[in-house]
Every structure is written in C-alpha cells, then in structure tokens.
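# Analysis of the macromolecular model
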Amino acid sequence: MFCFFGSNLHFFYLMNRNSDHGLISCETSSCRFPAVPQLQEYKISVMVKDKLGEEMESYSFNISDRVLPELEWYRVIPGVTNVSVSWRVMGNLTHMKLICQVSAAPGNITQQVDCNSSSDVCKADVEHLHPSMLYSIIVRCSTNNKLWGNWTKPKFFKTYPLVSLDLWRKVKLPSASQIRHVTLLWNTHISDKAVNILSYRLQWSQKDQIWTKMTDGRQNQLEVTIGPEKCDFTVEAVLETSFCAAAAHITVPPVAQTEALIVKRRLKTTSANGFRLSWDEDKAATCGYTVEWCILGSAVPCTLKWIKLPKGNNSLFLSSRNFTSGLRYSFNIYGCTENGHKLLEVKTGYSQELKYVRPPSLIQPVQTTSSSVTLEWLFSEEDPSHPAFIMGYLVTVQRGGSQEVQATNLSIADPLQTSVTVEGLQPDQEYVCSVSALTTEGPGLPVSVTFRTRTAYPSQLAKFLPAVLLLPGCIALLWPQRKKIKTGLKEMFAYPSGMNIKIPEFESFLDETIQRLQCQRMDECTGCEIEILNVGATATARNPDSTTEPCSPGPLSNPSSTSRSCVSVQRGYCPQSAVLLGGKPTCQQMACIINQSYFSIKAESRSEIAADSI
C-alpha cells in the first residue's frame, strides 16, 4: 500500500513499473497495489489528471522497509503473577527480523521481544502481574523498529490465585530402633478467599525409595515414620481448577548430624511490647534461620508456630499481641543448611511476668529453739506453669498478736535453697512466719505458720542462782562469828531460869526404852476377839459380867504395895490376846492394844516407875 497527499485533483493513478499491470486507480490519499512475488525493489509512478492537464511523480523503495505485519492470537496461558502468550504472523516473513511489543493492562506493563522463530508463531512471557486479577493483553510487530503494525484486538485473562505453603516439621527423638516420627506442618496462604483447595499432595524420599500420599484439603499436618537417614519432603496444594500451587520443600537431616551442643538462655522481660530475639550468626546456615515457639506448662497441647528468616538476619521482634502475659514460651532457633535444619539455641521467657505465684508448701512441724526457728519448704522453682521466673524467696517473721512490732524480712537470692534458720528470737514467745516466692515483679502468695519458741532453762536458772549463791556467802561471812552465834542460840532455846527439871539418868532412860520396845513384839493371835484391857475398878463397874483374872506382879512393882490389880477383859472383837510378860510393868502401869501399832504410858505410872528406879 502506498500513501500520498494531493491538492484538489480529481483523478489519481499509480503505475508499477516492475509489472505489466496498467494504470491503477487510487483514492485521494492512498493507493493499493499487489506485490510481486520475490520482488524487493519497486519503482512506481503516481499520475494526477484534471481539466488543465496531468502531472507525474516517481518513487523507488524496498518493500522490506515498508512491511506492517498482521497478527492473530494463538494461545494465552495465565499464571499466578505472569502470563505466557503466543501469536502468528500473517504472510511469509520468516526471512525478516521481527520485533514485537506485548502490553498488559491494567498497569500498562509493556514488554518488547524478538520474534526470530523459524515458524510463524512467536512467544512471550509477561511478568510482575498480580494474582487473582483480570487483565487484557495486546501485541504488535515491526520489521525495522520504525514502522509498527496495528495492535491486535485485546485478549482477556485472569491470573490464578496465589497459594503458598509455609512448610515446617517436628521431629521426635529416635528410639532404640532408630525410627523417627516426623510431623509435617504447613500453613496455606491464599490470595482469593473464594478459591478452595481440593487436596494436598505429599511426597518424601529416603535413600532410593519414594512415597506419595494425598490428604484432604482441610488438613494441615501429617505424621510419617522415617529411618535415621536424610529425608526430603515436598508438599503442594491442588486447586479446583486443577492448578497446582508452587511446591514447598524441607529436608530432615540424618540422626548423626542432629547431635550438637545446644545453648539454653533465659529472656529478660524488658517491656510488655513483645519479644526481642537475637542469636549468634552461624556460618553453616546457608539458607537462613527458622524460629519456632510454643507455650510451656500448659495443660492443653501447644500449637507450634514458626517464622522463617532470610540468610544474614539473626534478630527478630515478635509483638506481644500474639502472646499472653504470665505464660512461659520456649523459642527454638534453627539454622538452615543444605542437609536440613539444625537446632542452635533455646530461649525461654515471658512477654510480661506476673507476681501472683502460688505459695510454697511448708514442712511441719517447724524446728524451734529458745532463740531461733528453722523453716523448710517444698517448691518446684523450674515449673513452667509459673507466671514468672522464680528469683528466690522472701521469709517474714513477726511476733504473734503484736501489730506494733515491725516484722523481720529475710530475702533468699538462691531459688534452689528451700530452708532457712532465723536467729534472734525471744524465748517462750509466739511468732507468725510466712514464706513466699520472689519474682521480678515482687513476692507471690505467702504461706504462714504459727509457732512458739522454747523456754530458755539456763536463763531461768540465772534467776535463782543469786539466791543459791547467797547462802554460802552468808555462811562464809558469819563463820568467824560462829561462837558468838552459838552462845546466843543456846541462851535463846535454853530452859527458863527457876524451873527445877530432873534429868533422868542414862541407864533409867535405856531401861524404859527397852520396855517400850518389848511391847512392840509380834505375837501369834490365839483368838478371834478383841480383848480390851482397862486399868482400875472402873472397868469392872462398867461390865459386871466380865471375868477377871489375876495378874502377876512384875519385878519392877513396888514390894510394899499389897493391893492386887486385875485387868478386866471385855470380849467383843479382837483378833489377838493380851499377854503379860514377866519383867514388864503390871497391867496397872500399861494399857497395851495388841494390834501393835502404838502404845501409851500413863503419866502417873511413868512417874512412879521413875521414882522406884531411883
């Protein structure tokens, strides 16, 4: 096609000098004529005629410089963030170098490609598209990068949704049989909520064996059993459109490479904003790091969470909105290597510590002395269910019932110490003692016990010791004056003057004593009745029916006395009989009850015996 501009001419003609065709009638601004096969160089003339005459102009050109390729669509294959397109070029232009432009909208993404294919089909890949979005695409070509053909009609397509799998694993330590239980965990991220996942395809290989398993689209974990060797896992999602998302890969290292020195540290709670984690960079970590965390000490099984970091990044901040205050979390840091992940460090901590720690358990009874008490308690300081780290203990001692006396506080900095002895207490006093666990937020809930100290016997002895020592001291002081004191005591306790008291001779005193002792001699009981002996005639008068028996006078009786005294016997109740012994006083001189528990002597008889003996 050849185009030109003219004035107010009425007739336009074109003549191709390279062919036998005659004049070709043209339009006012353009003219179309057939190309000659295998002809590159053309010479044409344009003639303009009107009533005034005619005018002619000639022009020579190479047809390859004037080609405007016509295109038609062949195929459009959308992806998640790209599209693959192909088209056909009309005519035999394989000997020509074509340059084509592909443009996608929205976004006005234009890409230029060289179409040097030996066939009539050209291909191009357009990148940097958004998932789950509707696009239109057009294409045009040129032979000299100056004259471009027309844009094709737009072709519409929609990119696939973005489905990414974040794959992780949990490996249980091998048993004696070297069998390991691996739990594969994955999180699925979909850009379009309207898209459903039909299933997951899992594949793992160990040594020369390969296993494949399909799971339900609602499942996000699978437990498999493997040996001690290295094992590679692959998981991919299958969508409703039969499109498979990009597969996720992970490698479990062999058992021999999992044995390494693990660093364990506690995290310091600096604020309630979250956790700031950092660790030493590992040169062997060629593909980044993975941090996993879980709640410790929870009755409910913990849901394992993780996050992956690129190579060279050895720090991480986790916001507190994803954590609960008062719960202890464990963070395991893994380094990613070509042979799998290896554990580097283990950190434990709280997003925010709480001081309401449960009280210890006191061992009772407590051990006390007069001035001290020893307390012992049971407490699991490493229990992960505590709402804070245990830093020690606080022991408080206060005298019982006295609020005015200030309590004594004793801090224990070692959480492993579970006993303490409190000195300086008062004897025989009641005290109240409490023990509570210490955290960085303060003491927790206390446990109390009431006790009394023992009595201090040495102190009681000290009260009486001065009085005991005073008596020897007084004796020592008065010993030089003992003669004067003795004389004074004799004068004080001597008989009053003017009294005539006969002092019995020593022999008479011995005889009288012998007589009294003889009356105490035990005799056999010859009867079952009591014999009551009465002195004098009064007894006879009282009982006229009683029989009388003469009594033999004793050797100590007065010979001048001619009267015979008789003993009146009343028989009533007496287990023993009265026996008169020779050489004893007469019955007039003694009344003897034969139960032999006592005897009595009349004062008058005593005087007579004393007079006769003189």
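Residues numbered from 1 in each chain as written. Predicted model: local features only at pLDDT ≥ 70, side-chain atom pairs only at ≥ 80, totals over all residues. Heavy atoms only, no water.

With an unreviewed UniProt entry as reference, the protein is termed Leukemia inhibitory factor receptor, source organism Oryzias melastigma.

## Observations regarding the sheet that holds strand β24 (residues 305–309)
Read across the sheet, five strands follow the order β21-β27-β26-β23-β24 without closing on themselves; strand pairing throughout is mixed. The strands lining the two open edges of the sheet, one partner per strand, are β21 (263–266) and β24. Pairwise comparison of adjacent strand axes, ignoring direction, gives a mean angle of 20 degrees for this sheet. Sheet analysis places strand β23 (residues 289–296) next to strand β26 (residues 328–337), joined by eight bridges and oriented antiparallel. Bridged to Val 291 within β26 is Ile 333. (Pairing = 2+ DSSP bridges. Helix = DSSP H or I, 4+ residues; strand = E, 2+ residues; numbered from the N terminus. Axes fitted to C-alpha atoms, helices over the stretch in contact; angles between N-to-C directions.)

## Notes on the pattern of salt bridges
Taken as a whole, this structure holds eleven salt bridges when the rule is applied. For Arg 452, the salt bridge goes to Asp 428, with nearest N and O atoms at 3.5 Å. With a gap of 24 residues between them, Arg 452 in strand β36 (residues 447–452) and Asp 428 in the loop between β33 (419–422) and β34 (430–439) connect regions that are remote in the sequence. Since its relative accessible area comes to 45%, Arg 452 is described here as partly exposed. According to the relative accessible area criterion, Asp 428 is partly exposed, its value standing at 37%. Beyond isolated ion pairs, a larger network of salt bridges with shared partners links Arg 265, Asp 280, Glu 345 and Lys 347. (Salt bridge = Lys/Arg side-chain N within 4 Å of Asp/Glu carboxyl O. Buried < 20%, exposed > 50% of the residue type's maximum accessible area, 1.4 Å probe, protein only.)

## Concerning the state of the cysteines
Scanning the model with the defined rule gives five disulfides in all. Between Cys 26 and Cys 31 runs a disulfide, and the two sulfur atoms are separated by 1.9 Å. With the S-S dihedral at roughly -55 degrees, the linkage between Cys 26 and Cys 31 falls on the left-handed side. With respect to burial, Cys 26 and Cys 31 carry one shared label: buried. Cysteine pairing for the protein, with bonded cysteines counted in sequence order: 1-2, 3-6, 4-5, 7-10, 8-9. (Disulfide = S-S within 2.5 Å.)

## Description of the confidence of the model for the protein
Residues of the protein with pLDDT of at least 70 account for 74%, and the chain-wide mean is 78. Overall, residues 535–614 carries pLDDT values under 50, and its contacts beyond four positions in sequence, including any with other chains, amount to 110 contacts. (pLDDT = per-residue confidence, 0-100. Contact = heavy atoms within 4.5 Å.)

## Side note on the side chain of Thr 396
By secondary structure assignment, the location of Thr 396 is in strand β31 (residues 392–399). At 3.0 Å, the side chain of Thr 396 and the side chain of Asn 409 are in polar contact. When near neighbours in sequence (up to four residues on either side) are disregarded, Thr 396 contacts Ala 407, Thr 408, Asn 409, Val 432, Cys 433 and Ser 434. (Polar contact = N/O pair within 3.5 Å; in protein donor to acceptor, adjacent residues only side chain to side chain.)

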